[in-house]
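# Residue-level structure breakdown
Each chain, written out:
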Amino acid sequence: MKKREEESFLKRLFKPPFVVLTVVVILVAVLFGTYAYVYSGKNVYIYAQGKPIYNYEMSSAIVEQAYKNNVNLGSIEQGTPKGAFVKYTLNKLAEREVISNKLLYLMGLKDGYSCSPSELDKAMYEFKKGVTGISSDPEKNFESELELRNITVNQLKQILKEKVIADKETDKLTKNITVTPQEVENYYKEWSFAYSEKGKTDSEIFKEKYDKIKDDTLYSKKQQYMNKFITKLIDENKDKIVIDNRYKRFMRWIYSSILNLAVPDEFKPGKL
């Protein structure tokens, strides 16, 4: 009896109306799945060595670059050549930052580096301390910072996790760099105004703050080395760095092949 019911059901299923309905359902599912897959690619800004760098990483990096260059994002003149230039400059600086971080992160993974829970907690603590300072409402300030960067807590944790590993790789690359007494002296001559104290001579300050000046000299030398290294690293990987995503590629195909129209700039691949 049960076998007959199954056979009857199959016969009904393969009658023309059911076949059409089944095909339609399958086509809708395939189309929806394909669209969802293509649209999800919209979240990717760059691929570096085949690994995605997401839009949230870029938005956070833009804020970082604004801080480093003393730019108030809220005061950028909209719709003006000056405002456009500032935004373009911040964007290019952010691109270099996220690409170099990703490449160093991937190098760190190959070298066996990882980020432990305690290291991530420390990185989160340092981040919060940097953005909230001595605020009376640090949690509110932290939430405002996340909103400014257009990221979630989990996205921030991923950024910090990768940065911890990238920093370990940087430490490895610069561990043998040292400074000579002459380099420390030359550095102080150039930056003495940053250490000045009222009522003290340069020689007195240099003697009292020698260790701090030496550390700053070493940090500066390492930074200069890494700037050159990163420029070379990006150049060596330029064929593996793609400022594009599958959503843009799909839209280019729609405009050029289906609509026979010029592709809008927003869907064109970017350039380093």
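Heads up: these notes are all about the structure in this document.

Analysis parameters
- Residues numbered from 1 in each chain as written.
- Predicted model: local features only at pLDDT ≥ 70, side-chain atom pairs only at ≥ 80, totals over all residues.
- Heavy atoms only, no water.
- Helix = DSSP H or I, 4+ residues; strand = E, 2+ residues; numbered from the N terminus.
- Contact = heavy atoms within 4.5 Å.
- Areas by Shrake-Rupley, 256 points an atom, 1.4 Å probe, with all protein chains shown as cover.
- 1 Å grid on protein atoms, 1.4 Å probe; cavity = no way out; pocket = protein on both sides within 12 Å on 5 of 7 lines; lining within 4 Å.
- Points joined across faces, edges and corners; volume = space filled by probe spheres on them.
- Nonpolar A, V, L, I, M, F, W, Y, C, P; charged D, E, K, R; others polar.
- Phe/Tyr/Trp six-rings, centres within 6.5 Å; stacked < 30°, edge-to-face > 60°.
- Buried < 20%, exposed > 50% of the residue type's maximum accessible area, 1.4 Å probe, protein only.
- Lys NZ or Arg CZ within 6 Å of the ring centre and 35° of its normal.
- Salt bridge = Lys/Arg side-chain N within 4 Å of Asp/Glu carboxyl O.

On a plain count of helices and strands, the protein comes out with 11 helices and three strands. Each helix and strand of the protein, ordered N terminal to C terminal, gives the series α-α-β-β-α-α-α-α-α-α-α-α-β-α. Relative to all contacts within the protein whose residues are 6 or more apart in sequence, the contacts with residues 24 or more apart total 69%. Per element, the accessible surface of the protein, about 18600 Å² overall, is 57% carbon and sulfur.

Here the idea is plain: a probe the size of a water molecule rolls over the atoms and shows the empty space left. Each pocket or cavity is described by its volume, and for the largest pocket that value is around 1300 Å³. The wall of the largest pocket is formed by 36 residues, among which Lys68, Glu97, Asn101, Lys163 and Asp167 lie closest to the centre. Looking at the lining of the largest pocket, the elements that each hand over two or more residues are helix 3 (55–68), helix 4 (81–110), helix 5 (117–132), helix 7 (153–174) and helix 10 (210–236). Residue contributions to the lining of the largest pocket peak at 10 residues, all from helix 7. Residue composition of the lining of the largest pocket, grouped by class: 13 nonpolar, 10 polar and 13 charged.

For the rest of this paragraph, the subject is the packing of aromatic side chains. Scanning all chains against the criterion turns up 11 aromatic pairs. Each ring, one from Tyr187 and one from Trp191, has its centre 6.3 Å from the other, and the planes form 35°; the classification is tilted. In this pair, Tyr187 and Trp191 both sit in helix 8 (residues 181–191), four residues apart, roughly one turn of the helix. Of the residues examined, Trp191 reaches a relative accessible area of 36% and is grouped as partly exposed. Taking the centre distance of 6.2 Å and the plane angle of 20° together, the rings of Tyr225 and Phe229 count as stacked. A residue pair is termed a helical-turn pair when its members lie 3 or 4 positions apart in one helix, as Tyr225 and Phe229 do in helix 10 at four residues. Tyr225 gets classed as partly exposed once you look at its relative accessible area, which sits at 35%. Of the aromatic side chains, those joined through ring pairs into one cluster are Tyr188, Tyr195, Phe206 and Tyr210. Its end group placed over the ring of Phe142, Lys128 keeps NZ or CZ at 4.7 Å from the ring centre.

Now for the pattern of salt bridges. Within this structure, the stated rule accounts for 20 salt bridges. Salt-bridge contacts for Arg149 lead to Glu64; the nearest nitrogen and oxygen are separated by 2.7 Å. Here Arg149, found in helix 6 (residues 138–149), pairs with Glu64, found in helix 3; they are 85 residues apart in sequence, far enough to count as distant. Judged by its relative accessible area of 2%, Arg149 is buried. Among the residues examined, Glu64 registers a relative accessible area of 28% and is labelled partly exposed. Within the structure, one salt-bridge network assembled from shared partners comprises Glu197, Lys200, Glu208 and Lys209.

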